[in-house]
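# Understanding the architecture of this molecule
The chain contents come next:
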Amino acid sequence: MPLQPSPDPAAPTPSPVATRTTELAAALGPLARDFALDWVSECASTNTALVDAPPADDGRIHVLIADRQRAGRGRRGRQWLSWEGASLTFSALWRFSPGAPAPAGLSLVAGLALARALEQLGVHGVQLKWPNDVLVHGDKLAGILIDLLPSRGRPPAAVIGIGLNLRLPEGHGIENQTGVTDLAQALESAPPAPAAVLAVILTEMHRLLDTYAAGGFPALRGAWQQRNAFADLPVRIVSDADVRTGICAGVDDDGALLLRTDTGIERVLAGDVSLRPLTGGAA
Ligand code: BTN
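Model, not experiment: these values are computed from the prediction.

How each quantity is defined
Residues numbered from 1 in each chain as written. Predicted model: local features only at pLDDT ≥ 70, side-chain atom pairs only at ≥ 80, totals over all residues. Heavy atoms only, no water. Pairing = 2+ DSSP bridges. Helix = DSSP H or I, 4+ residues; strand = E, 2+ residues; numbered from the N terminus. Axes fitted to C-alpha atoms, helices over the stretch in contact; angles between N-to-C directions. Buried < 20%, exposed > 50% of the residue type's maximum accessible area, 1.4 Å probe, protein only. Contact = heavy atoms within 4.5 Å. Polar contact = N/O pair within 3.5 Å; in protein donor to acceptor, adjacent residues only side chain to side chain.

### Digging into the sheet that holds strand β8 (residues 234–238)
Taking strand neighbours across the sheet as the criterion, the five strands line up as β11-β10-β9-β8-β12 in an open arrangement whose pairing is antiparallel. With partners counted over all chains shown, the strands left at the sheet margins are β11 (264–268) and β12 (272–275), one partner each. Here the strands of the sheet are splayed against their neighbours by 45 degrees on average, with no regard to which way each runs. Two strands pair when backbone bridges link them, and β8 and β12 are joined in this way by four bridges, in the antiparallel orientation. Across the sheet, I237 pairs through a bridge with V273, a residue of β12.

Have a look at this one:
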């Protein structure tokens, strides 16, 4: 047997984040070359970091992962709570190809990729709540925040931020319209290591973003609708502008929510959707 070189005692021990980056690259396999991976122990918000200082375009998808966020952001100005070792918090900077049309439906594609990755990890009952919350049996497992970068004459780019609960601490204090859950509960067992979970998510994001780049949201609309948590159910949509009620009639080719009301189908572009008790009538 050939002799193995003994480890150099003077060599510095890799930091935990360097070790996790190595594990992630190994789990991604040949796909790793399409990503620029930066795993840090702490930052304010991975989305804010990529929006404030977007890395130069080198053709790769830049991913920033943080063990801990000091000021995690959620949708509609809310905060996103996470805990080191208990949550996966990361953001990916995705650039549209030159000449691409307006990025319709991107946030739904990100949710779909996350849902499919969780299914591959063995989670049952994954559903999507428009626009992109990931639920398991009605409880929120993960959230997505998309920030569009000012294009300044370049093709548009988006920061896709994902927060996934791995194992929430007791008394976590997260307030939510729905309940919350975590991967440990969804799998009924200890979740895989964060790097392994992330590799599955990034692989699925890579695959679906390729499909989206080629065919737009219409290519993925059916897969999204299959997982629509509120399909054909009575819903209430609260936005900054108003409160609307109706029956959830799916999404259109731009990713807008379709609401069936007494006066016809309405397109909804923003808001928080929740289930509402049926009191009779179409809406
Ligand atoms: C939501 O459901 O309101 C969206 C939550 C998005 C949280 C993630 S965690 C990583 C990234 N950085 C942030 O500050 N927010 C997103």
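Further notes follow.
### Concerning the environment of Q69
Relative to the assigned elements, Q69 resides in strand β2 (residues 61–69). Judged by relative accessible area, which is 13%, Q69 ranks as buried. The sequence separation of Q69 and T263 amounts to 194 residues, and the corresponding C-alpha distance is 45 Å. Those residues in contact with Q69, other than ones at most four positions away along the chain, are C43, A44, S45, T46, W80, S82 and T89. A distance of 2.9 Å separates the side chain of Q69 from the backbone nitrogen of T46, its partner in a polar contact.

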